[in-house]
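Chain residues, written in single-letter form:
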Amino acid sequence: MKVNGKHYRTIWLNANGWAVDIIDQTRFPHEFETVTLWTPDDAAVAIKDMLVRGAPLIGVTAAYGMALAMRQDESDEQLTQAYDLLLRTRPTAINLKWALDEMMKTLGPTPRSQRADVAYARAAEIADEDVAINQSIGRNGFEIIKAIAAKRKPGDTINILTHCNAGWLATVDWGTATAPIYTAHDAGVPIHVWVDETRPRNQGASLTAWELLHHGVPHTVIPDNTGGHLMQHGQVDMAIVGTDRTTAQGDVCNKIGTYLKALAAHDNGVPFYVALPSPTIDFNVVDGVKEIPIEQRSGHEVSHMTGRTSDGRIETVEIVPKGSKVANYAFDVTPAKYVTGLITERGVIAANREAIARAFPERAG
Ligand code: MRU
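This is a predicted model, so every value here is computed, not measured.

Residues in close proximity to the ligand total 19 residues, the closest being Arg90, Gln203, Asp244, Asn254 and Lys255. Between an oxygen atom of the ligand and a main-chain N or O atom of Thr243, the distance comes to 3.3 Å. One of the side-chain N or O atoms of Asp244 is found 2.6 Å from an oxygen atom in the ligand. For the ligand, whose unbound accessible area comes to 410 Å², protein coverage reaches 100%. Among the cavities detected, the one that contains the ligand is the largest cavity. Contributions of two or more residues to the shell around the ligand are made by helix 2 (55–72) and strand 11 (252–255).

Following this line, the structure appears as structure tokens:
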């Protein structure tokens, strides 16, 4: 997508042809800065400290982390060490393991002397595949938006609620939940997006709002607790969220707070869609509530907030009394029964075992 008229992906090869450049997402929304990853450890830190985040982008960064590792040393030991190092960074988004397994499948049988070249090529392929998947999700989700628009007066605005950031910053380009939104907006359908701020890291307020603003999509940032009220008053036509891991039976793990939005949508008859690239499906897991490991992050993310002061300084302040305990569960699981449909690269499918296996038979086994 474009930033000040220049096309960016979220990850690309440095001008030197081998290091990897990323956008430092911890600086948003006030600063746009890029950072260069030189080593597999740099890639691991970028994922762990959320300079890059969002399930698809985490996967691609890990793939490039393997390429950086192979450039240092093409041995079997290095391969295994880099895999373990990168896998440990974040536990919930399954794209991380998916991408690392893809790299292992490719690099394992490759002769040592060719591993670095092959690793860069496979990482680039995974990045390009992500863009193509998201464009298809955009086209398929646009059909749903068109169907909703067809029931309205011509020119009526379609109000879409989203949670966290499942935009182009969470992927290589286009985004998952935002792909249908950008596609519809670019086609001239009037869209307005309710952006959940998404405490504690504020991915909605800092990232989704920034993206939509730059693309010219009308939007309003709302505190996380507002969605239910808006739905009760007919101000939400549909919700589209992303996912960090979706199970074989269609349970959707996503940023904390997603489940509450799904319950409110269910109670108010608002369609609740999940944009789901196939690498985010974990066919080894069935019951999402019981089986998906939920990342618990530092309490500092809850007890402190960072922002820009009126004189332009970026400052972090404490918002919780010293001595109060805090908890920081990063994700929750929305059971499949609350999901209206999964917008995948192969079409919009029901959130159940049969439909998912039918759409992706080569992965379902
Ligand atoms: O902790 P994050 O920012 O990596 O989590 C990302 C999300 O949960 C997003 O909402 C998203 O839907 C999944 S990535 C497309």
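Having seen the model, we can carry on.
Looking now at the side chain of Asp282. Tracing the sequence through the fold places Asp282 in strand 13 (residues 281–282). Asp282 gets classed as buried once you look at its relative accessible area, which sits at 6%. One polar contact links Asp282 to Arg245, side chain to side chain, over a distance of 2.8 Å. Within the structure, the side chain of Asp282 is placed 2.9 Å from the backbone nitrogen of Asn284, a separation counted as a polar contact. In this view, Asp282 contacts Ile94, Arg245, Thr246, Thr247 and Ala248; residues no more than four positions away in its chain are not counted.

Definitions and limits used
- Residues numbered from 1 in each chain as written.
- Predicted model: local features only at pLDDT ≥ 70, side-chain atom pairs only at ≥ 80, totals over all residues.
- Heavy atoms only, no water.
- Near = heavy atom within 4 Å.
- Polar contact = N/O pair within 3.5 Å; in protein donor to acceptor, adjacent residues only side chain to side chain.
- Areas by Shrake-Rupley, 256 points an atom, 1.4 Å probe, with all protein chains shown as cover.
- 1 Å grid on protein atoms, 1.4 Å probe; cavity = no way out; pocket = protein on both sides within 12 Å on 5 of 7 lines; lining within 4 Å.
- Sits in = over half its atoms within 2 Å of the grid points.
- Helix = DSSP H or I, 4+ residues; strand = E, 2+ residues; numbered from the N terminus.
- Buried < 20%, exposed > 50% of the residue type's maximum accessible area, 1.4 Å probe, protein only.
- Contact = heavy atoms within 4.5 Å.

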